[in-house]
Amino acid sequence: MFIKKKIEENKELNAYITLNKEEAIKQAEALEDKEVDNILFGLPIAVKDNIITKGLRTTCASHMLDNFTPIYDATIVEKLKEKNMIIIGKTNMDEFAMGSSSRTSYFGAPKNPWNHDKISGGSSGGSATTVAAGDVLFALGSDTGGSIRQPASYTGLVGMKPTYGRVSRYGLIAFASSLDQIGPMTRNVYENAVLLNAIVGKDPKDLTSSNKDNLPLCKIINLSDIGKTSSRRCSAIITVMPSSRLMRLRVFRKSDAEIGSSREVGSSRMSKSGFM
């Protein structure tokens with residue numbers, strides 16, 4: 001299982017508080033017989049540990065919530081599941097998101113994958129670490145006064161704090177409700193827009209959420225302005241991922257030998273698409 005192996009290899013980075021191993025594999029297996037119906041179908045994502053996830057421990061990096069298992073999903077988690085994304089685990093953070101280094105976590109601070117002697121920033125340090133380390137393409141953080149943007153800058157990522165109300169806060173354990181927002185953390189602008197597209201929208205459970213119509217955020221990005229490398233990656237997302245199980249389900253299930261074979265097929269497809 002490629003992603004599981006990757007995360008285990010990077011265990012010393014301390015990016016995760018709780019891994020969703022068994023459920024992630026079950027979900028991947030259940031998706032194998034379904035038709036790919038959106039660009040995020042079957043892709044793994046990491047979720048900051050202050051966002052409620054039904055049946056999956058949510059601690060806010062605090063000893064006080066060490067055994068807290070929610071009985072419902074945050075609206076944003078429901079949206080991820082509607083897209084058939086696979087939640088890999090809950091990421092490390094400052095305790096109750098109160099900090100800018102992730103050092104206040106009861107479980108110890110995550111490390112910066114570029115230099116293990118440095119911090120990843122905070123409070124969404126674990127989400128930044130796991131994306132920068134290449135464990136997953138996508139992660140969710142929360143931002144009150146810089147808690148997505150600062151760790152993104154520390155680790156070379158794109159971190160977005162959406163305009164207040166664009167993303168539902170229902171199920172986000174609050175730090176300062178009039179400032180908190182959930183947002184995407186990715187390796188480039190286009191992937192950020194793809195994930196943001198999936199999570200914005202009015203939510204009747206959050207009276208502060210915006211009625212503004214959703215915009216096709218990906219379409220308003222001029223790929224030529226992003227740079228050649230990013231444009232090639234964006235092209236690969238569009239052309240490869242809907243047809244390649246390498247980037248989706250089989251990464252969870254195949255043996256090492258089968259993974260090698262899948263990599264060759266996937267590399268060939270990505271090469272033809274200009275990805276490599």
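These figures come from a predicted structure and were not determined experimentally. (Residues numbered from 1 in each chain as written. Predicted model: local features only at pLDDT ≥ 70, side-chain atom pairs only at ≥ 80, totals over all residues. Heavy atoms only, no water.)

Trainee: Give me the lowdown on the overall build of the protein chain, citing residues and values where you can.
Mentor: On a plain count of helices and strands, the protein chain comes out with 10 helices and eight strands. Out of the 276 residues belonging to the protein chain, those deemed buried represent 52%. Long-range contacts, defined as pairs at least 24 residues apart, comprise 70% of the intrachain contacts of the protein chain with a sequence gap of at least 6. For the protein chain, the computed accessible surface area is about 12,500 Å², with 51% contributed by carbon and sulfur atoms. (Helix = DSSP H or I, 4+ residues; strand = E, 2+ residues; numbered from the N terminus. Buried < 20%, exposed > 50% of the residue type's maximum accessible area, 1.4 Å probe, protein only. Contact = heavy atoms within 4.5 Å. Areas by Shrake-Rupley, 256 points an atom, 1.4 Å probe, with all protein chains shown as cover.)

Trainee: Can you tell me about the environment of Val36, naming the residues and giving the values?
Mentor: By the element assignment, Val36 lies in the loop between α2 (21–31) and β2 (44–48). Overall, Val36 belongs to the partly exposed group, its relative accessible area being 27%. Sequence spacing of Val36 and Asn84 is 48 residues, and the spatial spacing of their C-alpha atoms is 9.2 Å.

Trainee: Describe the pairing of strand β8 (residues 181–186), listing the residues and the values that go with them.
Mentor: Consecutive side chains along a regular strand alternate between the two faces of the sheet. Of all six residues that make up β8, six are buried, and the element is covered over most of its length. Bridge count between strand β6 (residues 138–143) and β8: five bridges; the pairing is antiparallel. Note that in β8 the partner of Leu140 across the bridge is Pro184. In this sheet, β8 lies alongside strand β7 (residues 158–159) in antiparallel orientation, the contact comprising two bridges. From the neighbouring strand, Gly159 faces β8, where its bridge partner is Met185. (Pairing = 2+ DSSP bridges.)

Trainee: Provide a residue-level description of the packing of aromatic side chains, including the pertinent values.
Mentor: Taken as a whole and judged by the stated rule, the model has two aromatic pairs. When the centroid spacing of 5.1 Å and the interplanar angle of 80 degrees are considered together, the rings of Tyr106 and Phe107 count as edge-to-face. Given the relative accessible area of 43%, Tyr106 is considered partly exposed. Look at Phe107 and you get partly exposed, because its relative accessible area is 25%. (Phe/Tyr/Trp six-rings, centres within 6.5 Å; stacked < 30°, edge-to-face > 60°.)

Trainee: Break down the sheet that holds β6 for me, with residues and values.
Mentor: Spatial ordering of the open sheet is given by β1-β3-β2-β6-β8-β7, a layout of six strands whose pairing is mixed. The strands lining the two open edges of the sheet, one partner per strand, are β1 (16–19) and β7. α2 rests against β1 and β3 (86–91) of the sheet, and its axis sits at about 165 degrees to β3. (Axes fitted to C-alpha atoms, helices over the stretch in contact; angles between N-to-C directions.)

Trainee: Outline the environment of Gly159, supporting the account with residue identities and numerical values.
Mentor: Residue position: Gly159 is located in strand β7. A relative accessible area of 24% means that Gly159 is categorised as partly exposed. Separated by 20 residues in the primary sequence, Gly159 and Ala139 place their C-alpha atoms 9.6 Å from one another. Excluding residues within four positions of it along the chain, Gly159 makes contact with Ile148, Arg149, Ala152, Pro184 and Asn192.

Trainee: Can you explain the side chain of Thr75? Please cite residues and give values.
Mentor: Here Thr75 lies in helix α3 (residues 75–82). Residue Thr75 is classed as buried on the basis of its relative accessible area, which comes to 5%. Once residues within four sequence positions are removed from consideration, Thr75 is found in contact with Ser168, Tyr170, Asp203 and Lys205.

Trainee: Summarise α3; cite the residues concerned and give the values.
Mentor: Residues of α3 that are buried include every one of Thr75, Ile76, Val77, Lys79 and Leu80, and no others. Of the surrounding secondary structure, the elements contacted by the buried residues of α3 are β2, β3, β6, β8 and α6 (189–199). Downstream of α3 by one or two residues, Asn84 has phi in the positive range, about 60 degrees.

Trainee: Tell me what's going on with the nonpolar core, and back it up with residues and numbers.
Mentor: Judged by nonpolar contacts, the single largest core of 29 residues is most densely connected at Ile51, Ile76, Leu140, Leu195 and Ile199. Looking at this core, the element that brings in the most residues is α6, giving seven residues. Ignoring any residue separated from it by four or fewer positions in sequence, one finds Ile76 in contact with Ile51, Leu140, Val167, Ile182 and Ile199. Among the nonpolar cores identified, the runner-up in size contains 20 residues, and Ala46, Val131, Ala132 and Met185 belong to it. (Core = buried A, V, L, I, M, F, W, Y, C linked by side-chain atoms within 4.5 Å.)

Trainee: So, the side chain of Ser124: which residues are in play, and what are the values?
Mentor: Here Ser124 lies in the loop between β5 (115–119) and α4 (125–132). Judged by its relative accessible area of 0%, Ser124 falls in the buried class. Of note is the side chain of Ser124, whose polar atom sits 3.2 Å from the backbone oxygen of Ser142. (Polar contact = N/O pair within 3.5 Å; in protein donor to acceptor, adjacent residues only side chain to side chain.)

Trainee: Describe the packing of α3 against α6, listing the residues and the values that go with them.
Mentor: Close contact between α3 and α6 brings their axes to 9 Å; oriented N to C, the two are set at 110 degrees. Considering their axes alone, α3 and α6 lie roughly perpendicular with respect to each other. Residues Ile76, Lys79 and Leu80 of α3 pack against Leu195, Ala198 and Ile199 of α6. Of the residues assigned to the contact of α3 with α6, the class counts are five nonpolar, no polar and one charged. (Parallel < 35°, antiparallel > 145°, perpendicular 65-115°, else oblique. Nonpolar A, V, L, I, M, F, W, Y, C, P; charged D, E, K, R; others polar.)

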